[in-house]
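# Chain and residue survey
Here is how the chains run, residue by residue.
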Amino acid sequence: MSNIRKKTVKKLAISSLVANPGKYAVMTFSIILTTVLFSSLFTIVGSLVTELTASSMGNIVSDMKEYGLLKTIGVTGKQVRSMVKTRAKRVCLVAIPIGLAIGCGIGGWLLPMIGKHINTVGADKGQVHMNIWIILFTVLFSYLTVAISSKRPCRLASKISPVEASRFTGKLKKNGKPKKKTILVVLSLTLSLVLLNSAYTIMGSFSTETYAEDYIVSDFCIQDSLLDNAGTREKNLCAVDDSILNEINKQEGVESVGNIYLSNGGHEFSPEVWDEIEKYFFSDEIVKMQIESFYTDEGYSVNDYIKELHNKRTIEGNTYGMGELAVNALTDIQTIDGTTSIDWDKFNSGEFVLAERWQYASDGFLSIVAPGDKVQIEGHEYTVYALVDIPMVVEYPVYAPIECNLILPEEEYLSVYGECSPMRTLVDVDDNNISSFEEWISNTIKDTSLSYTSKQTVIEDNKSFGELFAIGGAFVAVILGLIGVMNFGNTMIASIIARSRELATLEAVGMTVKQQKNSLMKEGFRYFTYTSIITVILSSILNVTAVKAFVNNLPMFSWNFSLTSLVLCLPVILVVILVIPVAAYKRISRRSVVERLRTE
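Everything quoted here is computed from the prediction, not taken from an experiment.

What counts and what doesn't
Residues numbered from 1 in each chain as written. Predicted model: local features only at pLDDT ≥ 70, side-chain atom pairs only at ≥ 80, totals over all residues. Heavy atoms only, no water. Helix = DSSP H or I, 4+ residues; strand = E, 2+ residues; numbered from the N terminus. Buried < 20%, exposed > 50% of the residue type's maximum accessible area, 1.4 Å probe, protein only. Contact = heavy atoms within 4.5 Å. Areas by Shrake-Rupley, 256 points an atom, 1.4 Å probe, with all protein chains shown as cover. Core = buried A, V, L, I, M, F, W, Y, C linked by side-chain atoms within 4.5 Å. 1 Å grid on protein atoms, 1.4 Å probe; cavity = no way out; pocket = protein on both sides within 12 Å on 5 of 7 lines; lining within 4 Å. Points joined across faces, edges and corners; volume = space filled by probe spheres on them. Nonpolar A, V, L, I, M, F, W, Y, C, P; charged D, E, K, R; others polar. Salt bridge = Lys/Arg side-chain N within 4 Å of Asp/Glu carboxyl O. Arc of directions from axis to C-beta. Phe/Tyr/Trp six-rings, centres within 6.5 Å; stacked < 30°, edge-to-face > 60°. Polar contact = N/O pair within 3.5 Å; in protein donor to acceptor, adjacent residues only side chain to side chain. Axes fitted to C-alpha atoms, helices over the stretch in contact; angles between N-to-C directions. Parallel < 35°, antiparallel > 145°, perpendicular 65-115°, else oblique. Left-handed = near helix turned anticlockwise from the far one by under 90°. Pairing = 2+ DSSP bridges. pLDDT = per-residue confidence, 0-100.

## A look at the overall build of the chain
- Looking only at helices and strands, one finds 21 helices and 10 strands in the chain.
- In the chain, which comprises 600 residues, the share counted as buried stands at 47%.
- Taking contacts inside the chain between residues at least 6 apart in sequence as the whole, the part at least 24 apart equals 83%.
- Surface exposure of the chain reaches about 30,200 Å², of which carbon and sulfur atoms provide 57%.

## Remarks on the environment of L262
- Looking at the element boundaries, L262 is found in strand β2 (residues 254-269).
- Note: C-alpha distance between L262 and L237 (25 residues apart in sequence) is 6.5 Å.
- When sequence neighbours within four positions are dropped, the list of residues in contact with L262 reads L237, N318, T319, Y320, Y396, Y413 and M423.

## Considering the nonpolar core
- In terms of nonpolar packing, the biggest core is built from 32 residues, with F269, I277, F281, F282, I315 and I402 touching the most fellow members.
- Looking at this core, the element that brings in the most residues is helix α12 (residues 302-312), giving four residues.
- Not counting the four nearest positions on each side in its chain, F282 is found in contact with W274, I277, V287, K288, I291, Y305, I306, L309, I315 and I402.
- In terms of nonpolar packing, the next biggest core, distinct from the first, is built from 27 residues, L262, F347, V388 and I407 among them.

## Quick look at empty space enclosed by the protein
- Throughout the structure, instances matching the rule amount to two cavities of 30 Å³ or more.
- Contributing to the lining of the second largest cavity are I216, V217, S218, F220, C221, V393, V394 and T453.
- Its residues assigned to classes, the lining of the second largest cavity comprises six nonpolar, two polar and no charged.

## Describing the environment of L574
- Take L574: it is sitting in helix α20 (residues 564-588).
- For L574, a relative accessible area of 22% puts it in the partly exposed group.
- Dropping the residues within four chain positions of it, L574 is found in contact with F525 and F528.

## Some details on the environment of V91
- Here V91 is to be found in helix α4 (residues 77-115).
- V91 gets classed as buried once you look at its relative accessible area, which sits at 4%.

## Let's talk about the pattern of salt bridges
- According to the stated counting rule, one finds five salt bridges in the structure shown.
- Ionic pairing is found between R357 and D389, a salt bridge with its closest N-O pair at 2.6 Å. Here the residue R357 occupies a position in the loop between β5 (352-356) and β6 (374-377), and D389 occupies one in strand β7 (residues 380-389), the gap between them amounting to 32 residues.

## Comments concerning helix α10 (residues 271-280)
- Listed as buried for α10 are V273, W274 and I277. Considered in projection along α10, the buried side chains sweep an arc of 100° and stay on one side of the axis. Set apart from the buried face of α10 by more than 90 degrees, the exposed residues are E272, K279 and Y280.
- The inward-facing, buried residues of α10 contact β2, α12, β3 (314-322) and β6.

## What about the packing of aromatic side chains?
- Overall, the coordinates contain 15 aromatic pairs when judged by the stated rule.
- Taking the centre distance of 6.4 Å and the plane angle of 15° together, the rings of F347 and Y385 count as stacked. Placement of F347 in helix α14 (residues 344-347) and of Y385 in strand β7 is noted, with a sequence separation of 38 residues between them.
- When its relative accessible area of 0% is taken as the criterion, F347 is described as buried.

## A word on the side chain of T535
- Here T535 is to be found in helix α19 (residues 513-552).
- Taking relative accessible area as the criterion, T535 reaches 0% and is therefore assigned buried.
- T535 has contacts with T190, L193, V194 and L566, leaving out every residue within four places of it along the chain.

## Quick word on the side chain of T201
- Tracing the backbone through its elements, the reader meets T201 in helix α7 (residues 181-204).
- Side-chain polar atoms of T201 contact the side chain of N543, separated by 3.2 Å.
- Other than its neighbours up to four places away in sequence, T201 contacts N543, V547, W559, N560 and S562.

## Let's talk about unusual backbone geometry
- Phi is positive for R313, which is not a glycine, with a value near 50°.
- Looking at where R313 falls in the secondary structure, it is placed in the loop between α12 and β3.
- Despite not being glycine, E378 shows a phi value in the positive range, around 50°.
- By secondary structure assignment, the location of E378 is in the loop between β6 and β7.

## Description of the packing of α19 against α20
- Between α19 and α20, the shortest axis-to-axis distance is 9 Å and the interhelical angle comes to 150°. The angle between α19 and α20 places the two elements in the roughly antiparallel class. α19 and α20 meet at a crossing whose hand is right-handed. For the pair α19 and α20, the contacting residues are V513, Q516, K517, L520, M521, G524, F525, F528, S532, T535, V536 and S539 in the first and L566, L570, I573, L574, I577, L578, P581, V582 and Y585 in the second.
- The residue makeup of the contact of α19 with α20, split by class, is 15 nonpolar, five polar and one charged.

## Some remarks on the pairing of β5
- Of all five residues making up β5, five are buried, and the element is well covered by its neighbours.
- Across five bridges, β5 lies against β7 in parallel orientation. In the sheet register, E356 faces β7, and the bridge partner there is V388.
- Direction of pairing for β5 relative to strand β8 (residues 406-409): antiparallel, over a ladder of two bridges.

## Description of helix α16 (residues 434-444)
- Within α16, burial applies to F437, E438, W440 and I441. Along the long axis of α16, the arc covered by the buried residues comes to 165°, so they all point the same way. Exposed and facing more than 90 degrees away from the buried side of α16 are S435 and E439.

## As for the packing of helix α11 (residues 285-294) against α12
- Across the interface, α11 lies against α12 with an axial gap of 9 Å and an inter-helix angle of 100°. If you check the angle between α11 and α12, you find them roughly perpendicular. Contacts between α11 and α12 involve K288, I291 and E292 from the first element and V302, Y305 and I306 from the second.

## Considering the confidence of the model for the chain
- Per-residue pLDDT for the chain has a mean of 76; in total, 69% of the residues score no lower than 70.
- Looking over the chain, one finds the lowest element-wise mean pLDDT in helix α1 (residues 6-19), namely 47, and the highest in β8, namely 96.
- Low confidence marks residues 1-7, where pLDDT is under 50. Its contacts with residues over four positions away, or in another chain, come to 11 contacts.
- Here residues 39-58 scores under 50 on pLDDT; set against residues more than four positions off or in separate chains, the count is 57 contacts.

In structure tokens:
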């Protein structure tokens, strides 16, 4: 008998898809999930390949008899492979565009929220840009995932004989359950639940109030709107002009105002102090590594860099001018007197300067200078009164690997550098007038280049960040949950199809439909029991180890143990797990008992 031509094989493949759309729904949805996941930047290749392989194998179980019949009329193994591949391609033609549309939609929805937390200055920040190469790569990735997942089913379908095809069971155990699938299905369900619970715990630990209290150093901090934007090179260091300062001081409830000024330049040291700097600072291995990473290249070594500095006895850095309110916000203070607080009157005498600690050392900090050292600023000599840390919210947000930052009192700074406007202005307001002042400052700077930071703005900014984090975590968890549920569905469907004759026999000897459904539901309940136990154990372990460690390293989080998400989700999973076997059994029971008994 002559072989069927390629066009006929293709028509058979397509006609099967048209005639039996439900049979390929799981596989279609799997490909949609693959495309959505990747085009939304959440790529879980291993899980998806496993899921698509399971989908393909589930279809192979129900299609294998068809392939056996085709082989009896002359279809070759190569043509069977072609049929399987053609069906997969046709499903891809439907699923991938849907996945791209959903993925791009989700990306466009998330992008504005992500854009809020990215320091860029582009005019089209937060807008969606479609890139043909990204789309093509996504399509290629999704198709390759399907192709890889279909290899084993294709090979199995092409090699099987007509007799073996009529008795094909998908390599089930004696009890009718697919081999090596129970662990895979349980772990697939467990992964999504563990991830969801971890994300829920992190979100439940989010505390904007606590973070705002720790982050801000005054009720309000006013500065240029682009000062803290990493995407801006030129910073306005004199943004708060006299007109704004005068209006601030007139507002009701203002208790204190503190200005912060800044100039860039080098600081010169006496020979005696420089010898100490070379001995204790530039001899440190961490410092040498920093120099080697940022300042040296071929033919120019660390020693060359230090030699150049030695000849000048000068280190680049910033000079701050600070009022009393700003100085009171400095932390980790170590004074010349051995105290941990700054005497403002003594510091404001015009003889002293504060030095910021260098933050890269292996033991926590390493200072370029020490209390009591002499430094020169613009030809004026000062004594280092204390070592301090400048809070991130008020410091100049541009850093050099090696820099020496010094702080002068406000009046002394202005006498050295001349009259100028501050880089930032700190304002403390009594509790009864905070709301009215915030309303006033918000309206006042609305049409200017200024911005302000307050407890409320910090709370709002981090609240949106928390929402973004929650959406991302929930999205991944939902995708993984769908994959897990579909893995379970494929396993049960393959098992029920393979056991069709066995179930028909039981029905013929008196087992009722209700009893058979209960039996299948019990099997699903076993999956749920295994999943629940493993999920609770793994979630608890992960909660008190990795999640706790992660949360405790974030300033806006305070860890709290929680399994609430499992309490909410496990009942839903139970319903799904119980419904799928019943639905699958209902499908095969449409055929009569006699018809099912006649099937080998």
